[in-house]
Amino acid sequence: MDLFGDLRRMNKRQLYYQVLNFAMIVSSALMIWKGLIVITGSESPIVVVLSGSMEPAFHRGDLLFLTNFHDDPIRAGEIVVFKVEGRDIPIVHRVIKIHEKENGNIKFLTKGDNNEVDDRGLYKEGQNWLEKKDVVGRARGFLPYVGMVTIIMNDYPKFKYALLAVMGAYVLLKRES
Amino acid sequence: MVQICPHCKVLSGLTHPGGFRMESKNPESDSHTAWWKIDDKPVKIDKWDGSAVKNSLDDSAKKVLLEKYKYVENFRLIDGRLIICTISCLFAIVALIWDYLHPFPESKPVLAFCVVTYFVMMGILTIYTSYKEKSIFLVAHRKDPAGMDPDDVWQLSSSLKRYHEHRLWLSQGRKAGFWSNSTKMREKEWCFLCRSHTH
């Protein structure tokens, strides 16, 4: 099976178009993601729930849609996604206590629904409260199970690279009509 | 009258029962890429893959016009599409780099601008391919040997819809893009499945 058969018959312009085609697919995905970031105001508008600390509301593998509008006040009982300083992984828990100043500054405490204790053990050394700058977004909607694909790809990175390589090869080698 | 018979050429090698033979375009100058190019070999494709069939037929028609009749290809239409795509990708790259250097939320205005421009360019590309390019895959000039009259411009376009036969149109005009006496001659239809022409 000659994988490169189509490519070998192409002239320079057609080869450039194959590469461009691949670049456009990647760019489109990138622009949709950046567009979502701009529209929602959150640096990561779609996150996957990684642990079972919010059961029965969210299970491991659920996809969450977030927004982070500046003017939306954070209230006790809301589910927020936040990042602890120095750690990469966002955490999805519920706000249980808030202290609010008149100028809008807040300090809040979170706890997972399925956890025994609040999140103070997860915060930075000496930190007892979270602030607005730690918030990635507020959960607005969710899709069950869809995030399992992301979890599998993170647990087995070779699978992820293999999948990306196959998809990339398919786009680059197959001739666009 | 141009005799285009890409069907036979595709299936039975490069000879036509009427004695029509294809030669390699530049046998000497291609020596450094000779191992890569397979222009001379018969095209092998899956006959049930519609787009591969259409591409092969279009390629054969192109070859006839460019190599046998020595027309000169005009790349303006294709270049237009390549330029639009390249500009779109440039905007995407700019957005990526800017966001990396100035993390969100400082990059919000630049990101918003790049995203909107990108999708506008996508719209322009769609309009270009649907209305300007349509199904044209070759624009070629026939140079006047005396160099006096303006070139004859010929244009090839084709369509291959599911469950329909392949249609090839050859149009002629005086100037590219301005078809004053365009005659669309529908080429002879043929049947792939029973490998015969219906003339």
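Parameters at a glance
- Residues numbered from 1 in each chain as written.
- Chains lettered and ligands numbered in written order.
- Predicted model: local features only at pLDDT ≥ 70, side-chain atom pairs only at ≥ 80, totals over all residues.
- Heavy atoms only, no water.
- UniProt positions renumbered as here; feature names shortened; annotations may be inferred.
- Core = buried A, V, L, I, M, F, W, Y, C linked by side-chain atoms within 4.5 Å.
- Buried < 20%, exposed > 50% of the residue type's maximum accessible area, 1.4 Å probe, protein only.
- Helix = DSSP H or I, 4+ residues; strand = E, 2+ residues; numbered from the N terminus.
- Contact = heavy atoms within 4.5 Å.
- Salt bridge = Lys/Arg side-chain N within 4 Å of Asp/Glu carboxyl O.

The name given to chain B in an unreviewed UniProt entry is Signal peptidase complex subunit 2, with Meleagris gallopavo as the source organism. For the record of chain B, the UniProt heading Function (unreviewed entry) holds the text "Component of the signal peptidase complex (SPC) which catalyzes the cleavage of N-terminal signal sequences from nascent proteins as they are translocated into the lumen of the endoplasmic reticulum. Enhances the enzymatic activity of SPC and facilitates the interactions between different components of the translocation site." You can read under Subcellular location (unreviewed entry) in the UniProt record for chain B the words "Endoplasmic reticulum membrane".

Under an unreviewed UniProt entry, chain A has the name Signal peptidase complex catalytic subunit SEC11 and belongs to Grus japonensis. As stated in UniProt under Function (unreviewed entry), the record for chain A gives "Catalytic component of the signal peptidase complex (SPC) which catalyzes the cleavage of N-terminal signal sequences from nascent proteins as they are translocated into the lumen of the endoplasmic reticulum. Specifically cleaves N-terminal signal peptides that contain a hydrophobic alpha-helix (h-region) shorter than 18-20 amino acids." Quoted verbatim from the Subcellular location (unreviewed entry) field of UniProt, the annotation for chain A is "Endoplasmic reticulum membrane".

Visitor: So what exactly am I meant to see when it comes to the nonpolar core here?
Guide: Most often, soluble globular proteins keep nonpolar side chains buried together rather than apart. Counting residues in hydrophobic clusters, the biggest one holds 26 residues, and the most contacted among them are A:Met24, A:Met31, B:Cys85 and B:Leu125. The set of elements that each furnish at least two residues to this core consists of α2 (12-40) of chain A together with α3 (76-101), α4 (108-133) and β4 (136-142) of chain B. Those residues in contact with A:Met31 that sit more than four places away from it in its chain are B:Ala92, B:Ala95, B:Cys114, B:Val115, B:Tyr118 and B:Phe119. Among the nonpolar cores identified, the runner-up in size contains 12 residues, and A:Ile74, A:Val95, A:Leu109 and A:Leu130 belong to it.

Visitor: What am I meant to see in the pattern of salt bridges here?
Guide: If the charged atoms of two oppositely charged side chains come close together, the side chains can form a pair. All names here are of chain A. Using the criterion set out here, one finds 13 salt bridges over all chains in the structure. Here Arg138 ties to Asp72 by a salt bridge, and the two come within 3.8 Å at their closest N and O atoms. Remark: Asp72 occurs in the loop between β2 (63-67) and β3 (79-82) and Arg138 occurs in strand β6 (residues 135-143); sequence separation between them is 66 residues. On the basis of relative accessibility, which here comes to 4%, the residue Arg138 falls in the buried class. Of the charged contacts in the structure, one is a salt bridge between Lys133 and Asp134, with a shortest N-O distance of 3.5 Å. On the basis of relative accessible area, Lys133 is assigned to the exposed category, the value being 59%. With a relative accessible area of 6%, Asp134 lands in the buried category. Here the residues in one salt-bridge network are Asp72, Glu78, Arg138 and Arg140, joined through shared partners.

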